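Structural description and commentary
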Amino acid sequence: MAEEKTAGAGDGQPSTCILPEWEHNGLVKWKGIQNQKKSLDAQVVLLQPPIRVIPVIFLPGVMGTNLMSDGSSKREQPIWRGDSEVGVYFKWAGQDGNRRRKLLSPDTTKVDNRGDINQNIYSPFSDDGNLFPTRRERGWGGVLSFSYGKFLSVFQGALLDDWQRDMVNYAARVGGKGGILSQLVGARLSEDKATKIADESVMTQQELDHFRNFLFPLHVYGYNWLQDNKTSAEGLVDYIEEVIDLYTHQHCHGMAFPAGQEKVIIVTHSMGGLVARYASQISGAQDKILGIVHGVIPDIGSPAAYRRMKVGAKQEGMAGAVLGNTAQELMPVLARAPAPLQLLPSAKYLGGAPWLTVEGGNEDGTDIKLPKRRDPFSEIYLNETLWCRLYEADIIDKDAAEIKRNWNAYSDLISKAVQRFIEKLDNKYHPNTYAFYGHKIGSDGTLSWNRITQVYLKKTGDNDLKLPNNYREVPLPPHGAQVYRLGSSNTPGDGTVPVESLNAIRQSRSIKSVLATNVDHQGAYNVNSLNDIPNKPALKFTLRAIVKMVQEVPVP
């Protein structure tokens, strides 16, 4: 509601400050103007908010979007819904490979925007309707609430906090402290000499003042993380156009965008960064994007994608049970889902050097090191014979004809969707890109199948050994066997993406700034409140990057 504050204007004249309100279509109005006697020479101050809009679109990571059945066979049913972590766990823990493959299919699922939305408001004026379209209309219900709900609310609050707090303080005739972004003025984010940002540009007061001239409605683009990221990127191009049209012709009656600046800002998490890069640099959206902030992007892939496919994710605790503890649970799903496979290391990973080792795997007892010829696709991903190959077409199917169909479908997927996507995206970034990544948590920089026993005589019968999911019994003719365990290099990273995956993005001329910081991959954007932002270098970097981006947008 409008708030009136009456005080002396300095010369004895009564002065009333009236805060703005917004109608459902975003138009500003002021209530509470009252007639006064002419002899009082009264003054009314209508506090003017920003009216120019620069939308921000957030893209979640793999498995971060709610999915439902597409309704082709029956009514739409929730398939992957992240309203609570416990709920997801009980739905998926223990589901076998056949059930997972049936439900988690890119051909029978679509985005579900009906998920829970965090209702906390972290700014003096609500963003949920009127000022902006409702949070659900802006796509917030499409992502896992337990992963992103709090972050979205806090992030939206931070984008609005400074001008709103200044306005409320002025109306109340109190000094008050500035908004959350004012704490970033003059502040450096580098943590130590080893991680110092090259030529770090701090935020100035002048830049923050310019930022306060704009509104930043936060939208979310949820996408089907099972389907080809190329398809999701093409959908993002359409969504950008929809958002621009919304603020050009509908909300605010077409007064929202600065003339000639009908653009959006994109913020991404993990695989969402690949979708955004493809949309921008290959699908033609670059001129509609003011800039992009990438958080923990798997720039040229990660061996973690191989590990999960090959042995499951049991080592990742509760998250692993949700993803699939074993290869039998997870491999059948991933083998038909192009997007997660597009996270595999590209031919550029480690400069083409081997990242997968099999100890003593050659006939002469020397180690197998792959890829040998800088071609992980033919040597690992499309290898049909080597036991450490990526895909086992018989993992849950035993019929010979079905196994052959599985392999043909998988091979076609790798060749036509996965490899093409990875190669087309190589070294392509929006010219106004900022990125942060983790550099202190052990990650899968390289992987190694290590021998843990001597050769032993293999017994007859099925299921001779009960091995943990990351162990593999390999037959040795005529009657022997060898046990291997898949181990990780635990090189620095964010727990999923190693720093090796960021070499290309750190060297690109398109990158304005990069921050190495101590973040966990899944929780890269975790934050509890506005007051918690000063404790989160990644959030401070993201907000500062947005302030920097808008400096090129003129104020009318």
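Up top is the structure these notes are about.
So, a few notes on the structure that sits alongside this text. Just so it is clear, the structure is predicted and the values come from calculations on it, not from any experiment.

Moving on, we get to the overall build of the protein chain. Broken down by element type, the protein chain carries 14 helices and 24 strands. Over its C-alpha atoms the protein chain spans a radius of gyration of 27 Å, differing by no more than 12% from the 24 Å that the globule rule assigns to 556 residues. A buried classification covers 54% of the 556 residues belonging to the protein chain. Excluding contacts between residues fewer than 6 apart, the proportion of contacts in the protein chain whose partners are at least 24 apart in sequence is 74%. With an accessible surface of roughly 23900 Å², the protein chain has 48% of that area assigned to carbon and sulfur atoms. Averaging the coordinates of the 63 positive side-chain charges in the protein chain and doing the same for the 61 negative ones gives two points 1 Å apart.

This next bit is on the environment of A93. With respect to the helices and strands, the residue A93 is situated in the loop between α1 (85–92) and α2 (97–103). Counting along the chain gives 228 residues from A93 to A321, while the straight-line C-alpha distance between them is 5.0 Å. Not counting residues within four places of it along the chain, the set of residues in contact with A93 comprises R100 and A321.

On the surface, a cluster of negative charge is contributed by D238, E241, E242 and D245. By the element assignment, E241 lies in helix α5 (residues 229–250). Classification of E241 as partly exposed rests on a relative accessible area of 38%.

The subject of this paragraph is the pattern of salt bridges. The full count for this structure, using the stated rule, is 22 salt bridges. Its salt-bridge partner being E21, residue K31 comes within 3.9 Å of it at the nearest N-O pair. Of this pair, K31 sits in the loop between β4 (28–29) and β5 (43–46) while E21 sits in strand β3 (residues 21–22), and the two are 10 residues apart along the sequence. One salt bridge connects R212 with D166, and the closest N-O pair in it is separated by 3.4 Å. Here the residue R212 occupies a position in the loop between α4 (205–211) and β11 (214–215), and D166 occupies one in helix α3 (residues 145–171), the gap between them amounting to 46 residues. D166 gets classed as partly exposed once you look at its relative accessible area, which sits at 30%. Overlapping salt bridges, with partners in common, bring together R81, D83, D112 and R114 in one network.

It is worth spelling out the packing of α3 against helix α14 (residues 537–549) at this point. Contact geometry of α3 with α14 gives a least axis separation of 11 Å together with a crossing angle of 40 degrees. The angle between α3 and α14 falls in the class oblique. When you trace α3 past α14, the crossing you get is right-handed. On α14, the residues touching F151, F155, A158 and L159 of α3 are L539, T542, L543 and I546.

Inside soluble globular proteins, nonpolar side chains tend to come together where they are buried. Formed by 112 residues in total, the largest nonpolar core has its most connected members in W225, I266, Y306, Y410 and W449. Setting aside residues up to four positions removed in sequence, Y410 forms contacts with M309, A335, L341, Y381, L382, L390 and Y391. In this structure, F155, M203, L543 and V553 belong to the second largest nonpolar core, which totals 49 residues.

Mapped onto the secondary structure, N470 falls in the loop between β20 (456–457) and β21 (471–476). For N470, a relative accessible area of 8% translates into the label buried.

For the rest of this paragraph, the subject is the packing of α5 against helix α6 (residues 272–281). Two numbers describe how α5 lies on α6: the axes approach to 8 Å, and their chain directions differ by 60 degrees. Considering the relative orientation of α5 and α6, their crossing is right-handed. Residues N229, K230, S232, A233, L236 and V237 of α5 pack against V275, A276, Y278 and A279 of α6. Residues belonging to the contact of α5 with α6 are distributed by class as follows: 7 nonpolar, 2 polar and 1 charged.

Our next topic: the sheet that holds strand β10 (residues 109–111). Spatially, β9-β8-β10 is the arrangement adopted by the 3 strands of the open sheet, whose pairing is antiparallel. Lying at the two open borders of the sheet, with one neighbouring strand each, are β9 (78–80) and β10. Within this sheet the neighbouring strands show an average axis-to-axis angle of 45 degrees, counted without direction. Strand direction decides the pairing type here: strand β8 (residues 67–69) and β10, joined by 3 bridges, are antiparallel. Within β10, the position partnered with M68 by the bridge is K110.

Before going further, it helps to spend a moment on the sheet that holds strand β17 (residues 433–438). Ordered in space as β12-β7-β13-β14-β17-β24, the 6 strands form an open sheet in which the pairing is parallel. If you trace the sheet from one side to the other, it starts and ends with β12 (218–220) and β24 (511–517), each paired once. Each strand of the sheet is rotated relative to its neighbour by a mean of 15 degrees, with strand direction disregarded. Examined bridge by bridge, strand β13 (residues 264–269) and strand β14 (residues 289–295) share 6 bridges and lie parallel to one another. Following the sheet pairing, H269 is matched in β14 by G295. Against the sheet, α3 engages β7 (56–59), β12 and β13, with an angle of about 160 degrees to β7.

Counted according to the given criterion, the structure contains 25 aromatic pairs. Taken together, a centroid distance of 5.3 Å and an interplanar angle of 65 degrees make the contact between F58 and Y148 edge-to-face. In this pair, F58 sits in strand β7 while Y148 sits in helix α3, placing the two residues 90 residues apart along the sequence. Between the aromatic rings of Y391 and W407, the centroid separation amounts to 6.2 Å while the plane-to-plane angle is 10 degrees, which identifies the pairing as stacked. One end of the pair, Y391, is in the loop between α11 (376–381) and α12 (400–425); the other, W407, is in helix α12, and 16 residues separate them in sequence. Both residues of the pair, Y391 and W407, count as buried. Chaining the aromatic ring pairs together yields one cluster made of F58, Y148, F151, F155, Y434, F436, Y525 and F541.

Moving on, we get to α3. Of all the bends in α3, the greatest measures close to 55 degrees and is centred on D161. Among the 27 residues of α3, 21 are classified as buried, and the element is accordingly described as predominantly covered. Where α3 terminates, the next one or two residues include R173, which has phi positive at roughly 60 degrees.

Reading the values: rules and limits
- Residues numbered from 1 in each chain as written.
- Predicted model: local features only at pLDDT ≥ 70, side-chain atom pairs only at ≥ 80, totals over all residues.
- Heavy atoms only, no water.
- Helix = DSSP H or I, 4+ residues; strand = E, 2+ residues; numbered from the N terminus.
- Rg over C-alpha atoms; globule rule 2.2 N^0.38 Å.
- Buried < 20%, exposed > 50% of the residue type's maximum accessible area, 1.4 Å probe, protein only.
- Contact = heavy atoms within 4.5 Å.
- Areas by Shrake-Rupley, 256 points an atom, 1.4 Å probe, with all protein chains shown as cover.
- Lys, Arg positive; Asp, Glu negative; His and termini not counted.
- Charge placed at Lys NZ, Arg CZ, Asp CG, Glu CD.
- Patch = residues over 30% accessible without salt bridge, like charges linked within 9 Å, V, L, I, M, F, W, Y side chains within 5 Å.
- Salt bridge = Lys/Arg side-chain N within 4 Å of Asp/Glu carboxyl O.
- Axes fitted to C-alpha atoms, helices over the stretch in contact; angles between N-to-C directions.
- Parallel < 35°, antiparallel > 145°, perpendicular 65-115°, else oblique.
- Left-handed = near helix turned anticlockwise from the far one by under 90°.
- Core = buried A, V, L, I, M, F, W, Y, C linked by side-chain atoms within 4.5 Å.
- Nonpolar A, V, L, I, M, F, W, Y, C, P; charged D, E, K, R; others polar.
- Pairing = 2+ DSSP bridges.
- Phe/Tyr/Trp six-rings, centres within 6.5 Å; stacked < 30°, edge-to-face > 60°.
- Bend = angle between axes of the 7 residues up to and from the residue.

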